[in-house]
Amino acid sequence: MSSIPAAADVLDPEVPVLSLPDVADRLDQPITRVHQALRDHHLLAIRRKGVLMVPADFLDENGIVKGLTGTITVLNDSGFSPDEMMRWLFTADDTLPGTPVDALRGDRGREVKRRAQALAF
């Protein structure tokens, strides 16, 4: 069993995912840095068919989507499991609109983080 925390494959099969070597290439970092980012809760991964994968939506042209790491930290500190975090990030919310990941990618990170903080209560 890996020491890297990972969610079960709780995502829709249509959600594009990247292997850890692909994430390392996109971040222009060694794979050990990707492993550390996962251990430090800067990124989340799922285990799909036994292989660790990161949702492609967690990355943009600048690296890790702005606000994602802080949101993961808030959810983790609130006691959410990796499965629960992944589900929440990819569950549509008509009031955003879209999913929290969509909102983060759309530069609405403050609102997503505020909602994550509210979940703790």
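A short tour of the structure in this document, coming up. Every value quoted in this text rests on a predicted model; they were computed, and no experiment measured them. (Residues numbered from 1 in each chain as written. Predicted model: local features only at pLDDT ≥ 70, side-chain atom pairs only at ≥ 80, totals over all residues. Heavy atoms only, no water.)

Generally speaking, a soluble globular protein has its nonpolar side chains buried in company with each other. In terms of nonpolar packing, the biggest core is built from 39 residues, with Phe58 and Leu89 touching the most fellow members. Of all the secondary structure elements, the ones that give two or more residues to this core are β1 (17–19), α1 (20–27), α2 (31–39), β3 (51–55), α3 (68–77), α4 (82–89), α5 (100–105) and α6 (109–119). Each residue touching Leu89, except ones within four places of it in the same chain, is listed here: Leu44, Phe58, Leu68, Thr71, Thr99, Pro100, Val101 and Leu104. (Core = buried A, V, L, I, M, F, W, Y, C linked by side-chain atoms within 4.5 Å. Buried < 20%, exposed > 50% of the residue type's maximum accessible area, 1.4 Å probe, protein only. Helix = DSSP H or I, 4+ residues; strand = E, 2+ residues; numbered from the N terminus. Contact = heavy atoms within 4.5 Å.)

Our focus in this paragraph is the pattern of salt bridges. If you walk through the whole model with that rule in mind, you get 4 salt bridges. Among the ionic pairs, Asp93 bridges to Arg115, the shortest N-O distance being 2.8 Å. Here Asp93, found in the loop between α4 and α5, pairs with Arg115, found in helix α6; they are 22 residues apart in sequence, far enough to count as distant. Note that Arg114 and Glu111 form a salt bridge whose closest N and O atoms lie 2.6 Å from each other. (Salt bridge = Lys/Arg side-chain N within 4 Å of Asp/Glu carboxyl O.)

Below, the discussion takes up the sheet that holds strand β2 (residues 46–48). Strand order in this open sheet of 3 strands is β1-β3-β2, and the pairing throughout is antiparallel. The open sheet has two edge strands with one neighbour each: β1 and β2. Recorded for the sheet is a direction-independent mean angle of 50 degrees between the axes of neighbouring strands. When β1 meets β3, the two strands line up antiparallel, connected through 3 bridges. Among the inter-strand pairings, Val17 is bridged to a residue of β3, identified as Pro55. Of the strands in this sheet, β1 and β3 are in contact with α1, which crosses β1 at around 90 degrees. (Pairing = 2+ DSSP bridges. Axes fitted to C-alpha atoms, helices over the stretch in contact; angles between N-to-C directions.)

What follows deals with the packing of aromatic side chains. Scanning the model with the defined rule gives 1 aromatic pair in all. Look at Phe58 and Phe90: their rings are 5.7 Å apart centre to centre, the planes differ by 35 degrees, and that puts the pair in the tilted class. Of the two residues, Phe58 is situated in the loop between β3 and β4 (59–60) and Phe90 in the loop between α4 and α5; the sequence distance between them amounts to 32 residues. (Phe/Tyr/Trp six-rings, centres within 6.5 Å; stacked < 30°, edge-to-face > 60°.)

All of the buried residues in α2 are Val34, Ala37 and Leu38. Axial view of α2: buried residues confined to an arc of 100 degrees, hence all on one face. Facing away from the buried side of α2, by more than 90 degrees, are the exposed residues Thr32 and Arg33. Contacts made by the buried residues of α2 are with α1 and β3. Just downstream of α2 lies His41, where phi reads positive at about 65 degrees. (Arc of directions from axis to C-beta.)

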